[in-house]
Amino acid sequence: LGGRIYFLGVNSFQHPWRLAWDVAQDFQDLLIPDEWAHFAERCGEVAAFQWWEGATHTLLTLVCPPLASWWAAWRRRKCSLRLQQYVGTE
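Quick notes on the rules
- Residues numbered from 1 in each chain as written.
- Predicted model: local features only at pLDDT ≥ 70, side-chain atom pairs only at ≥ 80, totals over all residues.
- Heavy atoms only, no water.
- Helix = DSSP H or I, 4+ residues; strand = E, 2+ residues; numbered from the N terminus.
- Polar contact = N/O pair within 3.5 Å; in protein donor to acceptor, adjacent residues only side chain to side chain.
- Contact = heavy atoms within 4.5 Å.
- Phe/Tyr/Trp six-rings, centres within 6.5 Å; stacked < 30°, edge-to-face > 60°.
- Buried < 20%, exposed > 50% of the residue type's maximum accessible area, 1.4 Å probe, protein only.
- Lys NZ or Arg CZ within 6 Å of the ring centre and 35° of its normal.

1. Some points on the side chain of Asn11
- With respect to the helices and strands, Asn11 occurs in the segment before α1 (33-47).
- At 3.3 Å, the side chain of Asn11 forms a polar contact with the backbone oxygen of Arg76.
- The contact partners of Asn11, leaving out residues within four places of it in the chain, are Pro16, Trp17, Phe49, Arg76 and Cys79.

2. Some remarks on the packing of aromatic side chains
- What the rule picks out here adds up to seven aromatic pairs.
- On the numbers, 5.9 Å between centres and 20 degrees between planes, the contact of Phe13 with Trp71 is stacked. With Phe13 in the segment before α1 and Trp71 in helix α3 (residues 65-89), this residue pair connects regions lying 58 residues apart in the sequence.
- Judged by its relative accessible area of 19%, Phe13 falls in the buried class.
- By relative accessible area, Trp71 is classed as buried at 10%.
- An angle of 0 degrees between the planes, with centres 6.1 Å apart, marks the rings of Trp70 and Trp74 as stacked. Note that Trp70 and Trp74 are positioned in helix α3 at a spacing of four residues, about one turn of the helix.
- By way of ring pairs, the aromatic residues Phe13, Phe49, Trp52 and Trp71 are connected into one cluster.
- Across from the ring centre of Tyr86, 5.3 Å away, lies the NZ or CZ of Arg42, which sits over that ring.

Following this line, the structure appears as structure tokens:
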């Protein structure tokens, strides 16, 4: 059984990706609600940015805006890879 998971949020420092804790109506027969809630919580932890990442981005925005854009994109890619690895192991 294959499928896709769609994350909410924009993968930024202020709005990291997250999953809804409630199982979608169409999948309630296939998923155990408690396990889905744990999975959603763990995905939120994996997708969360650290405080220093936001601080670094703010500092770079003030000092060198082009570098801040590059750095933010690099951190978003790293976050995406962390989530991909976590979801692939579950």
